[in-house]
Amino acid sequence: MTRPEAIPAPLWHENLYIDGHWQAAASRFAVHNPATGAVIAEVASGGVAETEAAIAAAQAAQPAWAAQPAKARAAILRRWHDLIVANAEPLARILTLEQGKPLAEARAEIFYGAAFFDWFADEAKRIYGDVIPSYADDRRLLALRQPIGVCGAITPWNFPMAMIPRKAAPALAAGCTMVLKPASATPLSALALAALGEAAGVPAGVFNVVPGSAAAVGNTLATDPRVKKLTFTGSTEVGRALMARASGTIKKLSLELGGNAPVLVFDDADLDAAVAGTIATKFRNMGQTCVCANRIYVQAGIHDRFVATLAAAVAAMRLGDGLAQGVAQGPLIDADAVAKCERHIADAVAKGARIVTGGKRHALGGSFFEPTVLAGATHAMLIAAEETFGPVAPIFRFEDEAEAVALANATEYGLAAYVFTTNHARIWRVGEALEYGIVGINTGATSYEGAPFGGWKESGIGREGGRQGIEEFLETKYLCIAGISPLG
Ligand code: SIN
C-alpha cells in the first residue's frame, strides 16, 4: 500500500520480521483506519510455519543474547528507547492511523512505551541471586536467577506502542528472546518498533514479529514446547483459553486480562478532582483500556452535583479523526465495539437507568460513539457485570462506605479501582479493603513503568513494570556446591 507521506520509509513495514529479515507470506490481511474505514496497509499474515521459524530463530539466538553482559544488553535497550523518543511524532501518527486514538494520547503512549526500555535497561543490571547460609561446612549454597528462554507474546490493539515494550523490555533485559504476535488491528506499530529495535542493535532472532491469526500464530506460541513463557494482554475469555493450551507444556504465564474497574466518589471528595479523575480513567482511549472505570459509585450527598458536572464536561468533548487538532475522542476500534456500547445502554435503560448525555452512535458515522453518562445504574444491569470497553459511564448511588466497598468488590475481576476522598483514614481503610491489583487514590491515572501493573482474581496472573516485571522472565536455580575442604 502507499505509505503516508508523514511516515518515513524505515518505520513503515507490512511484512513479517523473523530472524532479522523482513519476509512476505502467502496471504495478507487488511489494516483499517477506524476513523475513515479506509484500508491503510496489507500486512503479511504469518501461519504455523512462519511462527515455528520465528521460534527456531529465537531459540538459536537466546544463548548468545543471554551471555552478553547485562551492561551490553542494557545499552541496546537504552538505544531502542532513544530511537523511539527521536521518532515519537511519526510513531504517534502510525498509532493514530491504525488505532484511532487522538494524536495527543498517541504521543503520550509513545513516551510511556519507550520508558519501559529505559527502566528495564537499568533492571537488567540488577538481577541478583542469593547466597544461602549453608547447612554443612563443606558446602556453599546459591540461588541463581537465569532467563527462562524463548518467550511468546500476544499483545492487544488498544495500546500497541506501550504493551509491546512492557513485555519485550523486561524479557530482553532478562536475557530472553521473543516471538510477538501483535493484534491484527494494529500490526504496524509492532513492525515499526521492530525496525527501531534492529537499528538499536538488537541481534537477529532476539525479537521477532509474526502478525497473523490467533488460530495459527497464537496457538503455536501457546503450544510449542520450545516456548517456555507466554505473556498475553487481552480478555479474560481468551486468557483462560490460552492458559488451557499452555498447560500442555507447563509454560510460565503472565496474563493481563479484563477489568471492571469501580470508581468510589465519597461525599468528602474534591468534586473537581473527582470529575477530572473519572474522565481520565473512563474516557482515555475512548474507554478502551482494561483499567477504565466501568462502574462509578457516588455517595448520596455529592451524587447530583457530580452527575451534573461530569455530564457537562462529557457533553463538551469534541469527537473526530484523531489526527485532527483539538479532538478529545476518536472512533472506537470497530463495529463490534459500538454494538457492545449499544447493548449495555439498551439493557440499562430497560432496567431503569436514565441517559444524562450521549447514548447513541455519533453523527460522524462509522465507529464514532457519543461519550455517554447514565444515571440510576444498578447491579441488575449488564453494565455492572461486563466490561463495556467503550465511552459509557454508568453512575450508581450509594449511602455508606461499607456498602461502596462491598459493591466495588462484587465482581470476579480485580485489576484497577479508584477512590476519591479527602479523609485520610478512609484512604487507608478503603485502599486496603479493595480486592484489586491497582488502586488510584484521588487520581484516575496510575500507569508508570516503575510500578507493578496487574490484576487480582480473574483479571490475571503476574505483573508488568516495576522491579516485579523482570521476575516474570526469570527462573531460579539452586546451586549446591559440595566438597569445599576447610582452610589449611
Ligand atoms: C491496558 O489497558 O492494559 C493499558 C493501560 C495502561 O497501561 O495504562
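Residues numbered from 1 in each chain as written. Predicted model: local features only at pLDDT ≥ 70, side-chain atom pairs only at ≥ 80, totals over all residues. Heavy atoms only, no water.

## Quick notes on helix H11 (residues 335-350)
Under the 1.5 Å per step criterion, the end-to-end length of H11 is 22 Å for 16 residues, consistent within 8% with the ideal 22 Å. Buried within H11 are the following residues: Ala 337, Val 338, Cys 341, His 344, Ile 345, Asp 347 and Ala 348. Buried-residue contacts for H11 involve strand E14 (354-357), strand E15 (372-375), helix H12 (382-385) and strand E16 (392-398). Between the side-chain oxygen at the start of H11 and the backbone nitrogen of Asp 336 there is a gap of 3.2 Å, and the oxygen is on Asp 334. Immediately beyond the C-terminal end of H11, within one or two residues, lies Gly 352, with a positive phi of roughly 110°. (Helix = DSSP H or I, 4+ residues; strand = E, 2+ residues; numbered from the N terminus. Expected span 1.5 Å × (residues − 1). Buried < 20%, exposed > 50% of the residue type's maximum accessible area, 1.4 Å probe, protein only. Contact = heavy atoms within 4.5 Å. Polar contact = N/O pair within 3.5 Å; in protein donor to acceptor, adjacent residues only side chain to side chain.)

## Notes on the pairing of strand E12 (residues 261-265)
In terms of burial, E12 is a largely internal element, five of the five residues being buried. Neither face of E12 is left uncovered, since the one carrying Ala 261, Val 263 and Val 265 and the one carrying Pro 262 and Leu 264 both have all their residues buried. Looking at chain direction, E12 and strand E13 (residues 293-299) are connected through five bridges and run parallel. Bridge pairing in E13 places Val 263 opposite Ile 296. (Pairing = 2+ DSSP bridges.)

## Points about the sheet that holds strand E19 (residues 438-441)
Overall, mixed pairing links the seven strands, which are arranged E14-E15-E16-E13-E12-E18-E19 in an open sheet. Each having just a single partner strand, E14 and E19 make up the two edges of the open sheet. If you compare each strand with its neighbour and ignore which way they point, the axes differ by 25° on average. Where E15 meets E16, three bridges bridge the pair, whose relative direction is parallel. Paired with Leu 374 across the strands is Pro 394, a residue of E16. (Axes fitted to C-alpha atoms, helices over the stretch in contact; angles between N-to-C directions.)

## Focus on the pattern of salt bridges
Within the structure shown, the criterion is met by 21 salt bridges. Note that Arg 145 and Glu 471 form a salt bridge whose closest N and O atoms lie 2.2 Å from each other. One end of the pair, Arg 145, is in strand E6 (residues 140-147); the other, Glu 471, is in helix H15 (residues 466-471), with 326 residues separating them in the sequence. Of the charged contacts, one joins Lys 229 and Glu 472 as a salt bridge, the two residues approaching to 3.6 Å between their closest N and O atoms. One end of the pair, Lys 229, is in strand E10 (residues 227-233); the other, Glu 472, is in the loop between H15 and strand E22 (474-481), with 243 residues separating them in the sequence. No difference in accessibility class separates Lys 229 from Glu 472, as the two residues are buried. (Salt bridge = Lys/Arg side-chain N within 4 Å of Asp/Glu carboxyl O.)

## A look at the environment of Pro 69
Residue placement: Pro 69 occurs in the loop between helix H1 (48-67) and helix H2 (70-86). Separated by 222 residues in sequence, Pro 69 and Val 291 have C-alpha atoms that sit 36 Å apart.

## Points about a nonpolar patch on the surface
Taken together, the side chains of Ile 132, Tyr 135 and Tyr 478 define a hydrophobic patch exposed on the protein surface, amounting to about 340 Å² of accessible area. Within the fold, Ile 132 resides in strand E5 (residues 130-132). With a relative accessible area of 32%, Ile 132 lands in the partly exposed category. (Patch = residues over 30% accessible without salt bridge, like charges linked within 9 Å, V, L, I, M, F, W, Y side chains within 5 Å. Areas by Shrake-Rupley, 256 points an atom, 1.4 Å probe, with all protein chains shown as cover.)

## A few points about the site of the ligand
Near the ligand you find Tyr 112, Asn 158, Phe 159, Met 163, Arg 166, Arg 284, Thr 289, Cys 290, Val 291, Ser 447 and Phe 453, and these make up its full shell. The separation between an oxygen atom of the ligand and a polar side-chain atom of Arg 284 is 2.9 Å. Coverage of the ligand by the protein amounts to 100% of the 260 Å² it exposes when considered alone. Split into classes, the residues belonging to the shell around the ligand amount to six nonpolar, three polar and two charged. (Near = heavy atom within 4 Å. Nonpolar A, V, L, I, M, F, W, Y, C, P; charged D, E, K, R; others polar.)

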